[in-house]
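Chain and residue survey
Each chain is listed here by its residues.
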Amino acid sequence: MNSLVANFRTDDIAVVMGSVLGFIGLSLFLLKSFLTPKNDCESTWLPPANNLAKRQYEIWCLQYSFVWISAMGVVIITQAYEHFSEWDYMTLMIVLSSPLLLQPFMYPMDAEKTVPLCSRYSFKATVWIAVFSFIGNYWYTHYFYSVLKAEYTFPAHRLNDVPICLFLATHFYFVTYHTFANLMLRKIETTFQNNWLRTVYFWCVVLGFSYFTAFMETLTISSFPYYSFADRFMAYTLGSAFYGIYFIVSFPAFYSLDESVGLGVGVKPYSLQQTIMESFGVSMIVLCLLDFCRLALDVPLNITGKLYYIYKARQSQ
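What you are looking at is a predicted structure, and each value in this text was computed from that prediction instead of being measured.

Thoughts on a nonpolar patch on the surface
Residues Leu102, Phe105, Met106 and Tyr107 make up a contiguous nonpolar surface patch of roughly 420 Å² in combined accessible area. Among the structural elements, Tyr107 can be located in the loop between helix 3 (86–106) and helix 4 (121–147). The exposure class of Tyr107 is partly exposed, given its relative accessible area of 36%.

Structural notes on the packing of aromatic side chains
Counted under the stated rule, the structure contains 44 aromatic pairs. Note on Trp68 and Phe172: the rings are 5.0 Å apart at their centroids and 50° apart in plane angle, and the pair reads as tilted. One end of the pair, Trp68, is in helix 2 (residues 52–78); the other, Phe172, is in helix 5 (residues 164–191), with 104 residues separating them in the sequence. This pair shows no difference in class: Trp68 is buried, exactly as Phe172 is. An angle of 85° between the planes, with centres 6.4 Å apart, marks the rings of Phe174 and Tyr246 as edge-to-face. Highlighted residues: Phe174 in helix 5 and Tyr246 in helix 8 (residues 238–255), separated in sequence by 72 residues. Exposure class is identical for Phe174 and Tyr246. Each is buried.

Considering the sheet that holds strand 2 (residues 156–159)
By way of backbone hydrogen bonds, the strands of a sheet pair with one another, either parallel or antiparallel. Ordered in space as 3-2-5, the three strands form an open sheet in which the pairing is antiparallel. Only two strands of the sheet have a single neighbouring strand rather than two, namely strand 3 (162–163) and strand 5 (309–311). Pairing geometry for strand 2 and strand 3, over two bridges, is antiparallel. When the bridges of strand 3 are listed, Arg158 appears paired with Pro163.

Points about the packing of helix 4 against helix 8
Contact geometry for helix 4 and helix 8: axes closest at 11 Å, N-to-C directions at 165°. By the criterion of interaxial angle, the relationship of helix 4 to helix 8 is roughly antiparallel. Here helix 4 and helix 8 pass one another in a crossing that is right-handed. For the pair helix 4 and helix 8, contact is made by Tyr121, Ala125, Trp128, Ile129, Phe132, Gly136, Tyr140, Thr141, Tyr143, Phe144 and Val147 and by Phe242, Tyr243, Tyr246, Ser250, Ala253 and Phe254, respectively. When its residues are assigned to classes, the contact of helix 4 with helix 8 shows 14 nonpolar, three polar and no charged.

A word on the side chain of Arg294
Relative to the elements of secondary structure, Arg294 occurs in helix 9 (residues 272–296). Given a relative accessible area of 11%, Arg294 falls into the buried group. Of the polar contacts made by the side chain of Arg294, one reaches the side chain of Asp291; its length is 2.8 Å. When near neighbours in sequence (up to four residues on either side) are disregarded, Arg294 contacts Tyr143, Val147, Val299, Pro300 and Leu301.

Considerations on the layout of surface pockets
Computed from the structure, the largest pocket encloses a volume of approximately 1,100 Å³. If you go around the largest pocket, you meet 47 residues; those closest to its centre are Tyr173, Tyr177, Glu217, Thr220 and Ile221. Within the residue set of the lining of the largest pocket, elements represented by two or more residues are helix 2, helix 3, helix 4, helix 5, helix 6 (196–220) and helix 8. In terms of residue count, helix 5 provides more of the lining of the largest pocket than any other element does, nine residues in total. Considered class by class, the residues forming the lining of the largest pocket number 35 nonpolar, eleven polar and one charged.

Notes on the environment of Asn195
With respect to the helices, strands and loops of the structure, Asn195 is situated in the loop between helix 5 and helix 6. A sequence separation of 57 residues divides Asn195 from Pro252, and the C-alpha atoms of the two residues are 17 Å apart. In this structure the side chain of Asn195 is engaged in a polar contact, spanning 2.9 Å, whose partner is the backbone nitrogen of Arg198.

Focus on unusual backbone geometry
With phi around 55°, Lys149 is a residue other than glycine that occupies positive phi space. With respect to the helices, strands and loops of the structure, Lys149 is situated in the loop between helix 4 and strand 1 (151–152). Here the phi dihedral of Asp161 falls at roughly 65°; this positive angle occurs in a residue that is not glycine. Mapped onto the fold, Asp161 is located in the loop between strand 2 and strand 3. A relative accessible area of 18% means that Asp161 is categorised as buried.

What counts, and at which threshold
- Residues numbered from 1 in each chain as written.
- Predicted model: local features only at pLDDT ≥ 70, side-chain atom pairs only at ≥ 80, totals over all residues.
- Heavy atoms only, no water.
- Patch = residues over 30% accessible without salt bridge, like charges linked within 9 Å, V, L, I, M, F, W, Y side chains within 5 Å.
- Areas by Shrake-Rupley, 256 points an atom, 1.4 Å probe, with all protein chains shown as cover.
- Salt bridge = Lys/Arg side-chain N within 4 Å of Asp/Glu carboxyl O.
- Helix = DSSP H or I, 4+ residues; strand = E, 2+ residues; numbered from the N terminus.
- Buried < 20%, exposed > 50% of the residue type's maximum accessible area, 1.4 Å probe, protein only.
- Phe/Tyr/Trp six-rings, centres within 6.5 Å; stacked < 30°, edge-to-face > 60°.
- Pairing = 2+ DSSP bridges.
- Axes fitted to C-alpha atoms, helices over the stretch in contact; angles between N-to-C directions.
- Parallel < 35°, antiparallel > 145°, perpendicular 65-115°, else oblique.
- Left-handed = near helix turned anticlockwise from the far one by under 90°.
- Contact = heavy atoms within 4.5 Å.
- Nonpolar A, V, L, I, M, F, W, Y, C, P; charged D, E, K, R; others polar.
- Polar contact = N/O pair within 3.5 Å; in protein donor to acceptor, adjacent residues only side chain to side chain.
- 1 Å grid on protein atoms, 1.4 Å probe; cavity = no way out; pocket = protein on both sides within 12 Å on 5 of 7 lines; lining within 4 Å.
- Points joined across faces, edges and corners; volume = space filled by probe spheres on them.

Here it is in structure tokens:
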């Protein structure tokens with residue numbers, strides 16, 4: 001009986017999510033048909049040559065995304081995690097996040113080798129994502145614990161009851177998500193004439209890609225048994241919308257970071273202070289939106305974490 005219920009729920013998820021994603025895709029396709037293409041501008045996915053630092057960084061991020069996705073795929077497919085200790089999880093995430101975290105210091109882009117560290121786009125982008133990732137783990141994870149009854153049960157060093165290795169993993173996940181969002185949003189702005197229809201389409205793409213990103217992450221880690229939800233159907237459907245709130249705010253904000261550099265006289269890059277304050281501001285907006293949703297659902301928020309401890313429930317089971 002339990003297996004029949006499980007199969008029904010799996011089929012139910014496939015039908016609902018297929019319908020939702022299909023509706024999003026069809027809506028964007030139809031809306032795009034009303035847009036007017038530009039006649040005198042080059043349509044592009046990547047930043048132009050006069051914004052070379054950002055262009056080189058995004059290419060690097062796309063290349064490295066293949067590396068970390070392949071590594072994580074091997075771990076999940078082979079179920080190597082079944083033999084991991086808390087130190088193995090930590091080591092893996094340190095290894096995979098270090099190239100992105102250390103790149104601005106150790107091997108700057110060619111366009112930035114003579115630029116001071118705090119003025120490098122790669123450094124500002126790294127700091128922006130690092131701030132957002134930290135706050136997302138430290139605070140937002142507890143909303144998943146409370147609203148979706150999410151639970152991590154793998155051995156891990158924990159900060160505020162959140163596995164510390166996930167602070168590192170989130171960094172390379174978010175770098176990839178935001179790089180792809182940059183490509184999509186830039187393609188829209190460089191392809192179509194600037195009017196209210198393009199603005200509507202721009203924000204519909206932000207909404208659609210935010211939901212798609214959240215769902216795909218949930219789907220791709222669904223075979224990892226030590227991250228669970230009380231109701232997986234709710235996690236896929238409403239949970240993806242809940243998680244997507246992160247990106248509705250962060251995608252357009254991160255895209256704006258030094259995007260206008262090289263487009264006109266007097267356009268200045270973001271300062272490091274401006275970068276940090278914007279990331280904190282984005283993080284606060286997301287926190288407020290998550291809490292509004294929690295209040296609307298009438299779910300109490302329960303944060304009972306410790307500063308630091310090692311969670312080893314698996315070994316004792």
